[in-house]
Amino acid sequence: MAFREINSKMIEATVAPGQRLFSQRGAMIAYRGEVSFTPSTTGGAGGIGSMIGRRVAGEATPLMSVEGSGTVMFGHGGHHIQVVELTGDTLYVEADRLLAFDGALEQGTMFLGSQGGVMGVVRGQVTGQGLFTTTLRGHGAVAVMAHGGVIELPVVPGRPVHVDPQAYVAHHGDIRNKLSTALGWRDMVGRGSGEAFQLELSGSGAVYVQASEEKL
């Protein structure tokens, strides 16, 4: 299932019998055909374990299961939308940035500290970003939201990319993330912008960043 970009803030998806997709609650703008929308208690191919993981993570963003035969237009809050096509790899994205995704994708939850160590925890506590990140793996399309537009930055071996943590939207590929600070611990209190923190992504893949630091 693919998403067609109508403009920078709206997408359209074709729904066919035997297939389904998930969308953030309130994201449906209009639809044509025989399409049903029901609250999801599983949230993707990850099943009940994925749902529990999201609730423990504090990322129980309400999702709707979309099924039937027709086309559906999605958008949310006037946010810019970026469509990411997965071909067997994993996308890491905060749950509140998910607009819609292919129901065939396997959903899970990753604790940021597992990649960033203690600094991963610091990122969540000081910058206001979630300590947990939603993962989507497999073959299918994902639509994510951001403020002020999205740009994809390639990450290649030997050339890490440094991102303001609050500008971070998502990433995919074989990437490690590490938070560093240019200030002392006393200076970090109350600061969450790139002047104090830098999220370093290294390895091979891509990272998506938004033009505005405003959190969804």
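The structure presented is a predicted model; accordingly, all values stated were derived computationally and were not measured.

## Observations regarding the overall build of the protein chain
For step 1, the next point in the chain: Within the protein chain, the secondary structure is distributed over three helices and 13 strands.
For step 2, the next point in the chain: Expressed as a percentage of the 216 residues in the protein chain, the buried residues total 49%.
For step 3, the next point in the chain: Of the contacts formed within the protein chain by residues at least 6 apart in sequence, a portion of 81% connects residues at least 24 apart.
For step 4, the next point in the chain: Element-wise, carbon and sulfur atoms account for 53% of the exposed surface of the protein chain, whose accessible area totals about 9700 Å².

## A closer look at the pattern of salt bridges
For step 1, the next point in the chain: One pass over the structure, following the stated rule, counts three salt bridges.
For step 2, the next point in the chain: A salt bridge links Arg4 to Glu12, with the shortest nitrogen-to-oxygen separation between them at 3.1 Å.
For step 3, the next point in the chain: The class for Glu12 is buried, based on a relative accessible area of 11%.
For step 4, the next point in the chain: Connected via shared salt-bridge partners are Arg4, Glu12 and Arg32.

## Some thoughts on the packing of aromatic side chains
For any pair of aromatic rings, the description consists of the separation of the ring centres together with the inter-plane angle of the planes.
For step 1, the next point in the chain: Throughout the structure, instances matching the rule amount to two aromatic pairs.
For step 2, the next point in the chain: Between Phe22 and Phe101, the aromatic rings sit 5.5 Å apart at their centres with planes inclined by 25°, giving stacked as the arrangement. One end of the pair, Phe22, is in strand 3 (residues 20–24); the other, Phe101, is in strand 7 (residues 98–102), and 79 residues separate them in sequence. Like Phe22, the residue Phe101 is buried in the burial classification.

## Details of the side chain of Gln210
For step 1, the next point in the chain: Relative to the elements of secondary structure, Gln210 occurs in strand 13 (residues 197–210).
For step 2, the next point in the chain: Looking at Gln210, its side chain comes within polar contact range of the side chain of Arg97, at 3.2 Å.

## Re the nonpolar core
Across soluble globular proteins, nonpolar side chains show a tendency to be buried alongside one another.
For step 1, the next point in the chain: The biggest cluster of nonpolar side chains holds 17 residues, and the ones touching the most others in it are Phe3, Ile11, Leu21, Val66, Phe74 and Leu99.
For step 2, the next point in the chain: Going through the elements one at a time, strand 2 (10–15), strand 5 (63–74), strand 6 (80–93), strand 7 and strand 9 (132–146) are the ones with two or more residues in this core.
For step 3, the next point in the chain: The residues touching Leu99, leaving out its near neighbours within four places in the chain, are Ile11, Phe22, Ser23, Gln24, Ala27, Phe74, Gly75, His76, Ile81, Ala143, Val144 and Met145.
For step 4, the next point in the chain: Core analysis: the second largest hydrophobic core is formed by 16 residues, Val84, Val169, Ala170 and Tyr208 among them.

## Topic: the pairing of strand 5
For step 1, the next point in the chain: By the criterion of burial, strand 5 is predominantly enclosed, with nine of the twelve residues buried.
For step 2, the next point in the chain: Where strand 2 meets strand 5, five bridges bridge the pair, whose relative direction is antiparallel. For Ala13, the partnering residue across the bridge sits in strand 5 and is Val72.
For step 3, the next point in the chain: Where strand 3 and strand 5 come together, five bridges link them in antiparallel fashion. Considered in strand 5, the bridge of Gln24 is made with Leu63.
For step 4, the next point in the chain: Pairing of strand 4 (residues 28–39) with strand 5, which is carried by eleven bridges, proceeds in the antiparallel orientation. The residue bridging Thr38 from the neighbouring strand is Ser65, located in strand 5.

Cut-offs used in this document
Residues numbered from 1 in each chain as written. Predicted model: local features only at pLDDT ≥ 70, side-chain atom pairs only at ≥ 80, totals over all residues. Heavy atoms only, no water. Helix = DSSP H or I, 4+ residues; strand = E, 2+ residues; numbered from the N terminus. Buried < 20%, exposed > 50% of the residue type's maximum accessible area, 1.4 Å probe, protein only. Contact = heavy atoms within 4.5 Å. Areas by Shrake-Rupley, 256 points an atom, 1.4 Å probe, with all protein chains shown as cover. Salt bridge = Lys/Arg side-chain N within 4 Å of Asp/Glu carboxyl O. Phe/Tyr/Trp six-rings, centres within 6.5 Å; stacked < 30°, edge-to-face > 60°. Polar contact = N/O pair within 3.5 Å; in protein donor to acceptor, adjacent residues only side chain to side chain. Core = buried A, V, L, I, M, F, W, Y, C linked by side-chain atoms within 4.5 Å. Pairing = 2+ DSSP bridges.

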